[in-house]
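What the coordinates show
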Amino acid sequence: MPELAEVEYFRKQWGRGLQQTVISVELHPCSKVFRGTDVAALRKTLRGAMLLGSEAHGKQMLFRFSNGGWLGVHLGMTGKLRVEPADVVALKHDHLVLQQGRHSLVFSDPRQFGRVLFHRGKTEPAWWRNRPAQILSRQFTRARVEQFLSRHGRAPIKAVLLLQSGFPGIGNWMADEILWQSKIHPARLAGKLHPRETGKLYLKIQSVSRAALRTVGENDGDLPKSWLFHHRWEDGGHCPADGSVLRRGQCGGRTTCWCPGCQKRAVRV
Ligand SMILES: [Zn+2]
């Protein structure tokens with residue numbers, strides 16, 4: 001699952017096409033990634049348009065083109081953006097290819113849970129305007145996090161951290177890392193955390209996001225060696241803090257890894 005940092009990584013891939021004009025648009029119109037999208041308008045508007053800029057927000061990206069074209073991309077489970085030579089031949093899973101003079105900008109997605117949205121207009125589309133506060137923005141305050149946790153107070157904290165309406169960009173491994181570093185058991189109810197735990201959680205949400213954004217590309221090996229991240233994938237892994245055998249199970253509908261020594265079910269303050 002692409003998370004905050006991976007999204008930023010893929011957004012930058014298409015940065016090589018900035019200030020260059022799209023010569024042709026090749027797409028698979030029946031692909032599920034275009035569900036609800038006017039592919040004819042996309043094709044017509046983007047042909048001859050220049051890529052002017054882009055931004056990422058949580059797991060979504062927006063690419064701005066001249067001619068009033070706005071292309072939204074959500075990577076879903078297996079979506080990727082890459083740059084190929086201009087004369088690339090589209091492969092089976094390359095659902096959108098924007099050919100430019102020097103490069104082709106390619107969106108591929110084998111499982112097609114990703115999404116390509118399109119809007120034509122002078123201002124950014126409504127689906128981009130109504131977004132929750134970014135984790136590393138000034139609007140992401142502790143009070144906002146507390147409100148969000150109490151609104152979802154009866155759900156396990158792990159499931160709440162995965163809600164994109166509160167924590168845009170946080171995915172499965174990041175949620176596990178944040179909870180482990182905060183010493184909070186993933187099944188604890190979001191509304192039952194001690195204020196001191198909430199405070200710690202708030203700081204870790206930001207520090208894990210910041211470190212992930214700094215280091216994660218296609219190679220995750222640069223994350224700090226002291227993190228749970230390096231130990232969570234295999235059965236029989238050990239907690240890097242206290243050496244306990246890590247547990248894995250379902251929580252909030254997702255595979256979750258935690259340390260029974262560091263993350264107790266009872267409140268620890
Ligand atoms: Zn531990």
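Given the structure is predicted, the values throughout are model-derived calculations rather than measurements.

**Looking at the overall build of the protein**
- When helices and strands are tallied, the protein shows seven helices and ten strands.
- Computed over its C-alpha atoms, the radius of gyration of the protein comes to 20 Å, within 12% of the 18 Å expected for a compact globule of 269 residues.
- With respect to the principal axes defined by its C-alpha atoms, the protein has extents near 60 × 35 × 30 Å.
- The buried share of the protein, taken over its 269 residues, is 48%.
- Long-range contacts, defined here as pairs at least 24 residues apart, represent 62% of the contacts in the protein between residues at least 6 apart.
- Distance between charge centroids for the protein: 7 Å, based on 42 positive and 21 negative side chains.

**Points about the pattern of salt bridges**
- Under the counting rule described, the total for this entry stands at eight salt bridges.
- In this structure, Glu-146 engages Arg-142 in a salt bridge whose closest nitrogen and oxygen atoms are separated by 2.9 Å. Taken together, the positions of Glu-146 and Arg-142, both in helix 4 (residues 142–151) and four residues apart, correspond to about one turn of that helix.
- Using a relative accessible area of 33% as the deciding quantity, one classes Glu-146 as partly exposed.

**Details of the pairing of strand 10 (residues 254–258)**
- Where strand 9 (residues 247–251) and strand 10 come together, five bridges link them in antiparallel fashion. Directly across from Gly-249, in strand 10, lies its bridge partner Thr-256.
- Between the antiparallel neighbours strand 9 and strand 10 lie two residues, among them Gly-252 with a positive phi of about 60°.

**Description of the confidence of the model for the protein**
- Per-chain confidence: the protein averages 92 in pLDDT, with 96% of residues scoring 70 or above.
- The secondary-structure element of the protein with the lowest mean pLDDT is helix 3 (residues 126–129), recorded at 88, while strand 6 (residues 94–100) shows the highest, at 98.

**Comments concerning the coordination of the zinc ion**
- Of the protein atoms, only Cys-239 (SG), Asp-242 (OD), Cys-259 (SG) and Cys-262 (SG) coordinate the zinc ion, at distances of 2.2 to 2.4 Å.
- The site at the zinc ion holds four donor atoms, and with the angles between them running 86 to 119°, its shape is tetrahedral.
- Written as a sequence motif, the donor residues of the zinc ion are C-x2-D-x16-C-x2-C. Pair noted here: Asp-242 is in the loop between helix 7 (195–215) and strand 9 and Cys-262 is in the segment after strand 10, with a separation of 20 residues, a long-range link.
- Since its relative accessible area comes to 38%, Asp-242 is described here as partly exposed.

Cut-offs applied
- Residues numbered from 1 in each chain as written.
- Predicted model: local features only at pLDDT ≥ 70, side-chain atom pairs only at ≥ 80, totals over all residues.
- Heavy atoms only, no water.
- Helix = DSSP H or I, 4+ residues; strand = E, 2+ residues; numbered from the N terminus.
- Rg over C-alpha atoms; globule rule 2.2 N^0.38 Å.
- Buried < 20%, exposed > 50% of the residue type's maximum accessible area, 1.4 Å probe, protein only.
- Contact = heavy atoms within 4.5 Å.
- Lys, Arg positive; Asp, Glu negative; His and termini not counted.
- Charge placed at Lys NZ, Arg CZ, Asp CG, Glu CD.
- Salt bridge = Lys/Arg side-chain N within 4 Å of Asp/Glu carboxyl O.
- Pairing = 2+ DSSP bridges.
- pLDDT = per-residue confidence, 0-100.
- Donors = N, O, S within 2.8 Å, 3.2 Å for Na, K, Ca; no water.
- Tetrahedral: all angles 85-135°; square planar, octahedral: opposite > 155°, others 65-115°.

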